[in-house]
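Per-entry structural report
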Amino acid sequence: MQFFVDNFDILRDAFLQTLLLTVLAGVLALVLGVVLATMRVSPIPPLRGLATFYVETFRNTPLTVVFFFVIFGLPQIDTVVSFFTGAVIAVGMYTAAFVAEAVRSGINSVSPGQAEAARALGLGFGQSLREVVLPQAFRTVVPPLGSVFIAMAKNTSIAAGFSVSELSSTLPRLVNANAGDLLVVLLAVVVGYMIITVPMAYAVNRLERRVAILR
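Now for a description of the structure that goes with this document. For every chain, the first residue of the written sequence is number 1, and numbering continues from 1 onward in sequence order. The predicted nature of this model means local features are confined to residues of pLDDT at least 70 and side-chain atom pairs, given and counted, to a pLDDT of 80 or more, with totals for whole chains, interfaces and linings taken over all residues. Side-chain metrics in this entry use all non-hydrogen atoms of the structure; hydrogen atoms and water are not considered.

1. Brief notes about the overall build of the protein
Stated precisely, the cut-off is as follows: Each helix corresponds to a stretch of at least 4 residues labelled H or I by DSSP, and each strand to a stretch of at least 2 residues labelled E; elements are numbered beginning at the N terminus. Relative accessibility decides the category of a residue: with a 1.4 Å probe and only protein chains considered, values under 20% of the type maximum give buried, values over 50% give exposed, and everything between is partly exposed. Here, residues are in contact when the closest pair of their heavy atoms is within 4.5 Å.
A count of helices and strands for the protein gives ten helices and zero strands. Counting from the amino terminus, the protein carries its helices and strands in the arrangement α-α-α-α-α-α-α-α-α-α. Burial status across the protein gives 40% buried among its 215 residues. A fraction of 77% describes how many contacts in the protein between residues 6 or more apart in sequence connect residues 24 or more apart.

2. A short note on the packing of helix α2 (residues 8-40) against helix α3 (residues 45-59)
Selection rule: Axis definition: a line fit to C-alpha positions, over the contact stretch in the case of helices; interaxial angles, taken between N-to-C directions, run 0 to 180 degrees. Reported orientations rely on four angle classes, namely roughly parallel under 35 degrees, roughly antiparallel over 145, roughly perpendicular from 65 to 115, and oblique for the rest. Each crossing is labelled by how the near helix is turned from the far one, with a counterclockwise turn of less than a right angle marking it left-handed and a clockwise turn marking it right-handed. Here the nonpolar group is Ala, Val, Leu, Ile, Met, Phe, Trp, Tyr, Cys and Pro; Asp, Glu, Lys and Arg are the charged ones; every other residue, Gly included, is treated as polar.
Axis separation between α2 and α3 bottoms out at 7 Å; the angle between their running directions is 130°. In terms of axis orientation, α2 runs oblique to α3. As for how α2 packs across α3, the hand of that crossing is left-handed. Taken together, the residues of α3 that come into contact with α2 (itself represented by Leu32, Leu36, Met39 and Arg40) are Leu47, Arg48, Leu50, Ala51, Thr52, Tyr54, Val55 and Glu56. Classifying every residue of the contact of α2 with α3 gives eight nonpolar, one polar and three charged.

3. Description of the environment of Ser128
By secondary structure assignment, the location of Ser128 is in helix α7 (residues 125-140). Residue Ser128 is classed as buried on the basis of its relative accessible area of 5%. With eleven residues separating them in the primary sequence, Ser128 and Ala117 have C-alpha atoms 9.0 Å apart.

4. Section: the packing of aromatic side chains
For clarity, the cut-off: Ring geometry is summarised as follows: Phe, Tyr and Trp rings, the Trp one being its six-membered ring, pair when their centres sit within 6.5 Å, and such pairs are stacked at plane angles under 30 degrees, edge-to-face over 60 and tilted between the two.
A complete count under the given rule lists six aromatic pairs for this structure. Relative to Phe72, the ring of Phe68 has its centre 5.6 Å away and its plane inclined at 35°; by these criteria the two rings are tilted. Highlighted residues: Phe68 and Phe72, both in helix α4 (residues 63-73), separated by four residues, approximately one helical turn. Judged by its relative accessible area of 44%, Phe68 is partly exposed. Owing to a relative accessible area of 44%, Phe72 belongs among the partly exposed residues under this scheme. The rings of Phe67, Phe68, Phe72 and Phe162 are connected pair by pair, giving a single aromatic cluster.

5. Remarks on the nonpolar core
Here is the rule: Think of a nonpolar core as a cluster: buried Ala, Val, Leu, Ile, Met, Phe, Trp, Tyr and Cys residues, connected wherever their side-chain atoms sit within 4.5 Å.
Counting residues in hydrophobic clusters, the biggest one holds 43 residues, and the most contacted among them are Leu36, Val66, Phe67, Val99, Val103, Ile107 and Leu145. Among the secondary structure elements, those contributing two or more residues to this core are α2, α3, α4, α5 (83-109), α7 and α8 (142-155). Per-element tally for this core: the top contributor is α5, with 13 residues. Setting aside its immediate chain neighbours within four residues, Val66 contacts Phe58, Thr61, Ala90 and Tyr94. One finds Phe15, Ala153, Leu167 and Ile196 within the second-largest nonpolar core, a separate group that totals seven residues.

See the structure below:
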């Protein structure tokens with residue numbers, strides 16, 4: 001307990017930084033992912049091609065490379081962002097590709113008759129997607145989206161290598177200062193991540209049961 005008392009401020013600040021990074025990157029990933037998913041099912045070929053290129057590129061590129069591009073590549077085109085902002089952008093853009101595929105699978109699972117009925121009522125592509133298809137699609141993709149965001153929360157640890165003071169970045173400092181408490185240091189960091197991911201998993205399970213009843 002003395003270790004936690006002595007290092008509470010460090011652990012608290014790192015946890016809050018990780019939590020904030022997770023929330024902001026998650027919002028970016030969700031918004032961008034839904035836009036990409038709608039582009040992939042769009043009747044306009046250039047939009048489908050652009051979204052497909054984005055998704056395939058980011059799904060097959062290591063997140064560390066995305067970090068390097070955002071943190072060190074953007075300044076080459078006179079766009080400089082802070083390390084934390086760069087981490088949000090990198091994690092959000094990377095995760096958006098996986099969100100897009102999950103949402104697209106949900107869209108494809110909706111019966112074509114639903115879209116046809118919407119068109120028969122005079123709704124355009126955007127309206128039918130927004131009012132009819134997407135609400136039903138989201139009900140089917142709660143579990144995969146939950147898995148994507150839980151993985152994203154753990155992926156934020158890569159930000160430690162790019163000067164972002166999140167949970168993983170505290171490991172070397174705490175280990176050096178508390179060499180005799182290595183297991184306690186590791187446990188503290190693991191517990192920090194679990195405080196974020198376990199409630200997320202619980203919320204996903206609750207939401208999945210709720211939408212199952214609605215269906």
